[in-house]
Structures are given as C-alpha cells and as structure tokens.
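As a plain string of letters, each chain reads:
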Amino acid sequence: MCKNATVGSAPVHILKNGKKVELSGLAELNKKDILMDMSFAGCEATEDKICGMTAEDIEDREWQGVDETRDQGKDKETLKSQSSYMVCTKGWGILYFVDAGQQVKNFADELSAFLNHLQEQFGFDRRTVGILGEVYRKVQEEYADRTQLERDWIFTRALSQIGDYDNKWVDVVGDVGFETHAWRRGAGWVFEYGVENAKNFFCDKLDIDEADYKYMRQMVRLQHFMTSNPDGKYSYSSVYEMLETDKGNFQAWKKQWRMELEKCWKMMTI
C-alpha cells in the first residue's frame, strides 16, 4: 500500500520474474524488485488525484530498510516485511507491506504528519517538503545508532547551517572588528562550515541529489529571510512565483536580500 493512495485504493502486488508475489509464498523479494502489477486507484498528493507512478519514480530505484545480512547476489539484499519500504518521488508517498507489522506504517504516519507541519507552519512548497522528508529519512538511516533526540538535532542543525548562519565578520571601526561564533558556541555544528562541506554532507553522506540540495538550500534560506522580514513585503508564494516566471528579476532580488541579511546580522551582533 502507498501512504498517499486515495481511500479505497486496493493494494497492489510486487512482480518478480513477471509473476505476482505473496508475502506468504516461496519467492523472496530483494531491494531491486520494485515493479508492481498495476497503479493505485488514485493519489492524494497530485492535483488530478491520478497515480501515474512508474519504476522511474521510485527513489534510488530500490527498496529501503532491507536485510543487510541476506541477499540474492551482489547488491540484492532481501526485504524485511517489518522494515522495508519504497518512496515514490512524485508525491513523496511511502509504500509498505499491508500485512507487515506496524513499524513502517507508524513511520509513514509520523513522517506524513511532520511533512504536513512543514508545509502548513513554514509555508514550504511541496518540492521542498519532499526533499526535507528525504533528508529526514536519510538522517534516521545514517545515524541509526544514535538516540532519536540526537538524530532530530542533526536534522534541524544541518538545516540551520545552510540557512546563512555562517560565521560573520562584524566591523566596529574601519578595519577593526571581530568574528562572531555565536551559533557555533550555542548550537554546535553537524559539518564544518563552508559551501563545499555543506554540499558534501547532504549530497555525499546523505546521498541527496545535487539539484534537490541546491533547491532546498535556496528555499530554507528564503524562509529564514522572510521570518525576519518585518514589513511582510515578500511572501513565500510571491517569491516562488518570481523564481518560476522571472528568473532575471529573482536573481536581482536575491542579491538585494543577501545584502539586507548582512545588515540585519550586524545590527543583531554589535
């Protein structure tokens, strides 16, 4: 079943060698077995409510949460009904086994509520929310040996590091000034500061697509800017529309608001 499937959508079967597979049957599925015998009746995440999911829409073209101790050949680890799931990138829906235990379903429910909160509370568009959801899941997997509190800190702090909270030089008189380390001292950091270090963390360590990373970074920085914009001149929707329809104007605006961020930072730290 898919978390985003419309009410009444019947479960679909996974195919292996062209045949439907039952969990109680003799055939074992591995993480590369992602083909389904049909689409779901509908999708709540699309405007037309139509599920058009194909194999190309499955994240990494494989199952997540597989059994690392057993496989059917190189890079073909077998699935575990209690923890294996797939992600549809069209609507960022999580697919899980209907007859499995509650572990994956609970995770899907919690992640869905979390993503809805990001969209409703912070105004992120669906693409940004989907990428943030992917980052969140990758953090859970990459740092599975840490406590939930530590994993939550890694997720939130990594995002704040790309929100233009880098180390700043504050002028006092002429060339005299100082560097503020307020955010580092107060919150610590997940990766060393710097553009390449941030990219390495998200793209290499967490395996986030570079284009998605750059889009997320831009929208997170934009959201930080708007929450500190006292006159409310720019809304998320208006800036997003400018990005989509007038890239030249958007680049000019982006340069301007980065200058404003610098001014705000100096006023806050002097």
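Going by the structure above, here's the rest.
Residues numbered from 1 in each chain as written. Predicted model: local features only at pLDDT ≥ 70, side-chain atom pairs only at ≥ 80, totals over all residues. Heavy atoms only, no water.

Trainee: Tell me about the overall build of the chain, residues and numbers included.
Mentor: Secondary structure assignment for the chain yields eight helices and six strands. Order of helices (α) and strands (β) in the chain, N terminus to C terminus: β-β-β-β-α-α-α-β-β-α-α-α-α-α. The contacts in the chain between residues at least 6 apart in sequence include a share of 57% that link residues at least 24 apart. By element, 51% of the accessible surface of the chain is carried by carbon and sulfur atoms, the whole surface being about 15,200 Å². (Helix = DSSP H or I, 4+ residues; strand = E, 2+ residues; numbered from the N terminus. Contact = heavy atoms within 4.5 Å. Areas by Shrake-Rupley, 256 points an atom, 1.4 Å probe, with all protein chains shown as cover.)

Trainee: Pulling in residues and values, what's your account of the packing of aromatic side chains?
Mentor: Aromatic rings considered in pairs are described by the distance between their centres and by the relative angle of their planes. What the rule picks out here adds up to six aromatic pairs. Ring geometry for Phe201 against Phe202: centres 5.0 Å apart, planes inclined by 85°, an arrangement best described as edge-to-face. Classification of Phe201 as buried rests on a relative accessible area of 5%. Residue classification places Phe202 among the buried residues on the basis of a relative accessible area of 0%. Among the aromatic residues, ring-to-ring pairing joins Phe191, Phe201, Phe202 and Tyr213 into one connected group. (Phe/Tyr/Trp six-rings, centres within 6.5 Å; stacked < 30°, edge-to-face > 60°. Buried < 20%, exposed > 50% of the residue type's maximum accessible area, 1.4 Å probe, protein only.)

Trainee: Outline the pattern of salt bridges, supporting the account with residue identities and numerical values.
Mentor: Going through the model one piece at a time under the given rule, you end up with 13 salt bridges. Lys20 is paired through a salt bridge with Asp37; the nearest N and O atoms lie 3.6 Å apart. In this pair, Lys20 is assigned in strand β2 (residues 19-21) and Asp37 in the loop between β2 and β3 (86-88), connecting sequence segments 17 residues apart. Of the charged contacts, one joins Glu44 and Lys49 as a salt bridge, the two residues approaching to 2.7 Å between their closest N and O atoms. (Salt bridge = Lys/Arg side-chain N within 4 Å of Asp/Glu carboxyl O.)

Trainee: Could you give an account of unusual backbone geometry, with specific residues and numbers?
Mentor: Even without a glycine there, the phi angle at Asn17 is positive, about 55°. Within the secondary structure, Asn17 sits in the loop between β1 (14-16) and β2. Positioned with a positive phi, Asp207 is a non-glycine residue whose angle comes to about 60°. With respect to the helices, strands and loops of the structure, Asp207 is situated in the loop between α5 (195-205) and α6 (210-227).

Trainee: Can you tell me about empty space enclosed by the protein, naming the residues and giving the values?
Mentor: Throughout the structure, instances matching the rule amount to three cavities of 30 Å³ or more. Taken as a whole, the largest cavity spans an internal volume of roughly 90 Å³. When grouped by side-chain class, the residues that make up the lining of the largest cavity number eight nonpolar, six polar and one charged. (1 Å grid on protein atoms, 1.4 Å probe; cavity = no way out; pocket = protein on both sides within 12 Å on 5 of 7 lines; lining within 4 Å. Points joined across faces, edges and corners; volume = space filled by probe spheres on them. Nonpolar A, V, L, I, M, F, W, Y, C, P; charged D, E, K, R; others polar.)

Trainee: Tell me about the side chain of Glu59, residues and numbers included.
Mentor: Take Glu59: it is sitting in the loop between β2 and β3. Judged by relative accessible area, Glu59 falls into the buried class, the value being 4%. When neighbours within four sequence positions are excluded, Glu59 is seen to be in contact with Gln64, Val87, Thr89, Trp92, Glu134, Arg137 and Lys138.

The analysis is restricted to geometry; functional conclusions fall outside its scope.
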